[in-house]
Amino acid sequence: MTVQLSKNSYILTEREEVLAFLDKNPFLAEILTEAEEKISLYFPASKLFLKVIGESVDEEHLTLFIGTNLDASQAMINYDRLFNDWWLKTLIKLPPEQRDKLSINLEF
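Keep in mind the model is a prediction, meaning the values are calculated, not measured.

A few words now on the overall build of the chain. Helix and strand content of the chain: three helices and five strands. The secondary structure elements of the chain, listed N-terminal to C-terminal, are β-β-α-α-β-β-α-β. The C-alpha atoms of the chain give a radius of gyration of 13 Å, which matches the 13 Å a tight globule of 108 residues would have. Each principal axis of the C-alpha distribution contributes one length, and for the chain these read about 35 × 30 × 25 Å.

Below you can see the structure in the form of structure tokens.
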């Protein structure tokens, strides 16, 4: 299933779990909307996947996987640029208790 957050769609892995997590952490909606735009600059035409990961409810976080067809070395260069140009700045603005609620990873 997909959820429309802005112009693009996220593919939800375990849809109900992802939607429940987003309901508990509504601040993520704005970040995910911005993430779509920023990620498209470094990974055009990539697919974006959301999955809740964690052993228990207290350890859960949402992971945004960037599905890319780039070769691993170019993907890592682009990921580092995304991290330094946008993601790190976004994390720093969040209160400490919210910083571990979302991670961004590559998927090949």
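Glancing now at the layout of surface pockets. Space inside the largest pocket adds up to approximately 170 Å³. As for the largest pocket, its lining consists of Phe27, Glu30, Ile31, Glu34, Trp86, Lys89, Thr90, Lys93 and Leu94. Elements supplying a minimum of two residues to the lining of the largest pocket: helix 2 (28-42) and helix 3 (72-93). Of all the elements, helix 3 adds the most residues to the lining of the largest pocket, at four residues. Residue classes in the lining of the largest pocket are distributed as four nonpolar, one polar and four charged.

Most of strand 4 (residues 61-67) sits inside the fold, with six of its seven residues counted as buried. Where strand 3 (residues 47-53) meets strand 4, seven bridges bridge the pair, whose relative direction is antiparallel. Of the residues in strand 4, the one forming a bridge with Ile53 is His61. Where strand 4 lies against strand 5 (residues 102-107), six bridges are found, and the strand directions are parallel. Residue pairing for strand 5: Gly67 is matched across the bridge by Glu107. As a crossover connection, the stretch from strand 4 through helix 3 into strand 5 is right-handed.

A word on the nonpolar core. Phe43, Leu62, Leu64 and Ile66 are the most contacted members of the largest nonpolar core, which totals 28 residues. Mapped onto this core, the elements with two or more residues apiece are strand 2 (9-12), helix 1 (15-24), helix 2, strand 3, strand 4, helix 3 and strand 5.

For any pair of aromatic rings, the description rests on two quantities: the centre-to-centre distance and the angle between the ring planes. Evaluation of the coordinates by the stated rule reveals one aromatic pair. Geometrically, the ring pair formed by Trp86 and Trp87 is tilted, given 5.3 Å between the ring centres and 35° between the ring planes. Residues Trp86 and Trp87 agree in their burial class; the two are buried.

Rules used in this analysis
- Residues numbered from 1 in each chain as written.
- Predicted model: local features only at pLDDT ≥ 70, side-chain atom pairs only at ≥ 80, totals over all residues.
- Heavy atoms only, no water.
- Helix = DSSP H or I, 4+ residues; strand = E, 2+ residues; numbered from the N terminus.
- Rg over C-alpha atoms; globule rule 2.2 N^0.38 Å.
- 1 Å grid on protein atoms, 1.4 Å probe; cavity = no way out; pocket = protein on both sides within 12 Å on 5 of 7 lines; lining within 4 Å.
- Points joined across faces, edges and corners; volume = space filled by probe spheres on them.
- Nonpolar A, V, L, I, M, F, W, Y, C, P; charged D, E, K, R; others polar.
- Buried < 20%, exposed > 50% of the residue type's maximum accessible area, 1.4 Å probe, protein only.
- Pairing = 2+ DSSP bridges.
- Right-handed = clockwise from strand over helix to strand, strands pointing away.
- Core = buried A, V, L, I, M, F, W, Y, C linked by side-chain atoms within 4.5 Å.
- Phe/Tyr/Trp six-rings, centres within 6.5 Å; stacked < 30°, edge-to-face > 60°.

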